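# An overview of the molecular structure
Given next are the chains, with one letter for each unit.
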Amino acid sequence: MDALAAPALAAPTASAGLVDALDAPGALADVSGALAGAFDASAGLADASDTSAALADVSALLTDDLDASAVLADVPDVPDASSGVPSAPAGPALLRPVLTELRLSAFASHRRAAFSFGPVTLLAGASGSGKSQVLGAYEALAALGSGATLEEVFPEPSALVPERAVPDADRRRGFRIGCTVDGPVGPVRLDLAVQAEPELRVVGERLSVGGEVLLSTALRDPGRRSVQAAWLTGGAVGVTRAPLPDDRLGTALLPLRVAGATAGQRRVLAAAEQAVVALRSVFACDPRPDRMRAPVPPGEGRLLGDCANLADVLRRTRHECGTRHALLARAARTGCAGEVAGLDVRAPADGPVTALLDRGPGLPATELGRLGAGELRFLALALVLLTGPGVLAVEPATELPSARQALTVLTDGLDRDLDRRQGEELLRLALMACGRGHVRLVAAVGEQCAGAARRIPGVSVVDLTP
């Protein structure tokens, strides 16, 4: 079965509703037969001398099927109906790999949707419009890029299958996601098709640059727990074919499988590494005030996703990051009620760490545990934006120096529990931090925050309301 021709090989009709790639047994049979020659496991290495021609048949087959289904159709310079934001035309290559577009071809409530991301991107829309699903898909790709398995990333895969997707004769259904990562190589496209029922597995993946397919995988034998992969090699070999696990992202495995001995292999590695670096450079943050109030034991001072160890991180920034700690204290004067002279900690030897608001000379300090939920969320989010990956619980990619990486912060409900003043200050901090290119922000917000953000230059607001 061709992974990327999987969902909706037959064009959807009004009566059929949402047709998925895993819905057309007849079409799948034709594709499986057509791909059998291209991905023949017994063939080993391709004997074609022309590298581009070696992948041409597979690429053309994918393109035709995708056009027929329109599931992965992309129109680079036309505004997408779901996002209202046009995909950026090709421009100068970025120094730092960043995800600039997320595609939800058939994922949960989204169908043929594409979302463009800038340095500061806010997702707006009514409840149920799919803001959390967009963030969830981004986080899922990030986890797969870090080497996680499908079961770890999608614990309830059936919930991500489009509601009206019709199973095929073997009761198979699935979903599709993809992204574009811009960087030194140029725009790199990654598309993934996943079978959710009856068992979770990758059925296809495609990595391409400038319309040229560098990696393509397909599920050829459903009885085996592998997909058949073909990636560009160049030279006399042309294309290398080999099986890859059907529970992991093949792109993330390429640096372990490709030697980089030929120009073609180096092109594959450069594209794969650019995609993986961008996907791994993600920090999903959801501050939980109920977990941030109590003193915490001293640790390594790396902020967790729920920000429960905020006090320990403040202890570290106070001693190691004086400039950024001072910026955070300045932001606290806007985001916290009352007089704020600074941020301090109480850390007795071998005892728990308590974070404090310094109220000024002659006034008792206030423990952070006594602050409101909005104040705690504000401080945690401001800390994330101002400090960067050095104090966050995220494993940096080793393929590139940290100076050539950009961290993307994902937050669902950026303005939750915040008043207008706190929300505006967070946006100011986001623009300041993201303007340097080291940090990016993708967050879901309510309409009040979105309305204010629409008037701020440099903030992209993506409206998901139909």
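The rules behind the values
Residues numbered from 1 in each chain as written. Predicted model: local features only at pLDDT ≥ 70, side-chain atom pairs only at ≥ 80, totals over all residues. Heavy atoms only, no water. Helix = DSSP H or I, 4+ residues; strand = E, 2+ residues; numbered from the N terminus. Buried < 20%, exposed > 50% of the residue type's maximum accessible area, 1.4 Å probe, protein only. Areas by Shrake-Rupley, 256 points an atom, 1.4 Å probe, with all protein chains shown as cover. Phe/Tyr/Trp six-rings, centres within 6.5 Å; stacked < 30°, edge-to-face > 60°. 1 Å grid on protein atoms, 1.4 Å probe; cavity = no way out; pocket = protein on both sides within 12 Å on 5 of 7 lines; lining within 4 Å. Points joined across faces, edges and corners; volume = space filled by probe spheres on them. Nonpolar A, V, L, I, M, F, W, Y, C, P; charged D, E, K, R; others polar. pLDDT = per-residue confidence, 0-100. Contact = heavy atoms within 4.5 Å. Expected span 1.5 Å × (residues − 1). Polar contact = N/O pair within 3.5 Å; in protein donor to acceptor, adjacent residues only side chain to side chain. Axes fitted to C-alpha atoms, helices over the stretch in contact; angles between N-to-C directions. Parallel < 35°, antiparallel > 145°, perpendicular 65-115°, else oblique. Left-handed = near helix turned anticlockwise from the far one by under 90°.

Glancing now at the overall build of the chain. Each helix and strand counted, the chain has 12 helices and 16 strands in total. Looking at the chain as a whole, 56% of its 466 residues qualify as buried. Of the roughly 18,800 Å² that the chain leaves accessible, carbon and sulfur atoms contribute 53%.

Quick look at the environment of Leu441 now. With respect to the helices, strands and loops of the structure, Leu441 is situated in strand 15 (residues 439-444). Judged by its relative accessible area of 2%, Leu441 is buried. Sequence separation between Leu441 and Phe283 is 158 residues; the distance between their C-alpha atoms is 9.7 Å.

Looking now at the packing of aromatic side chains. For the structure shown, the criterion picks out three aromatic pairs. Consider the rings of Phe107 and Phe175, whose centres lie 5.6 Å apart with planes at 80°: the pair is edge-to-face. With a gap of 68 residues between them, Phe107 in strand 1 (residues 98-107) and Phe175 in strand 4 (residues 173-182) connect regions that are remote in the sequence. In this pair, the class of Phe107 matches that of Phe175, namely buried. Plain terms: the ring middles of Phe117 and Tyr138 are 5.7 Å apart, the flat faces sit at 25° to each other, and that makes the pair stacked. Taken together, the residues Phe117 in the loop between strand 2 (110-116) and strand 3 (120-124) and Tyr138 in helix 3 (residues 131-145) connect sequence positions 21 residues apart.

Taken as a whole and assessed by the stated rule, the structure comprises one cavity of 30 Å³ or more. Around the largest cavity sit Met292, Arg293, Ala294, Pro295, Leu310, Ala311, Val353, Thr354, Ala355, Leu368 and Gly369, which together line it. Sorting the residues of the lining of the largest cavity by element identifies helix 8 (310-320) and strand 12 (354-358) as the ones contributing at least two each. Considering only residue class, the lining of the largest cavity consists of eight nonpolar, two polar and one charged.

Let us look at the confidence of the model for the chain. This prediction gives the chain a mean pLDDT of 81; 78% of its residues lie at or above 70. Counted against residues more than four places away or in other chains, residues 1-92, with its pLDDT under 50, gives 208 contacts.

Attention now goes to helix 3. Between the first and last C-alpha of helix 3 there are 22 Å, a value that for 15 residues agrees with the 21 Å anticipated at 1.5 Å per step. Looking one or two residues past helix 3, Gly147 carries a phi angle of roughly 105°, positive in sign.

Mapped onto the elements of the fold, Arg103 is located in strand 1. A relative accessible area of 3% means that Arg103 is categorised as buried. Only 2.7 Å separates the side chain of Arg103 from the side chain of Glu101, close enough to count as a polar contact. If we skip the residues at most four places from it in the chain, Arg103 touches Ala113, Ala114, Arg176, Ile177, Gly178, Cys179, Thr180, Arg189, Leu190 and Asp191.

What follows concerns the packing of helix 8 against helix 10 (residues 373-387). Packed helices, taken two at a time, are described by the angle between their axes plus the distance between the axes. Two elements in contact, helix 8 and helix 10, have axes separated by 11 Å at closest approach and are oriented at 40°. Taken together, the axis directions place helix 8 and helix 10 in an arrangement best described as oblique. The two elements helix 8 and helix 10 cross, and the hand of that crossing is left-handed. Contacts between helix 8 and helix 10 involve Leu310, Val313 and Thr317 from the former and Ala380, Leu383 and Thr387 from the latter. Residue classes in the contact of helix 8 with helix 10 are distributed as four nonpolar, two polar and no charged.

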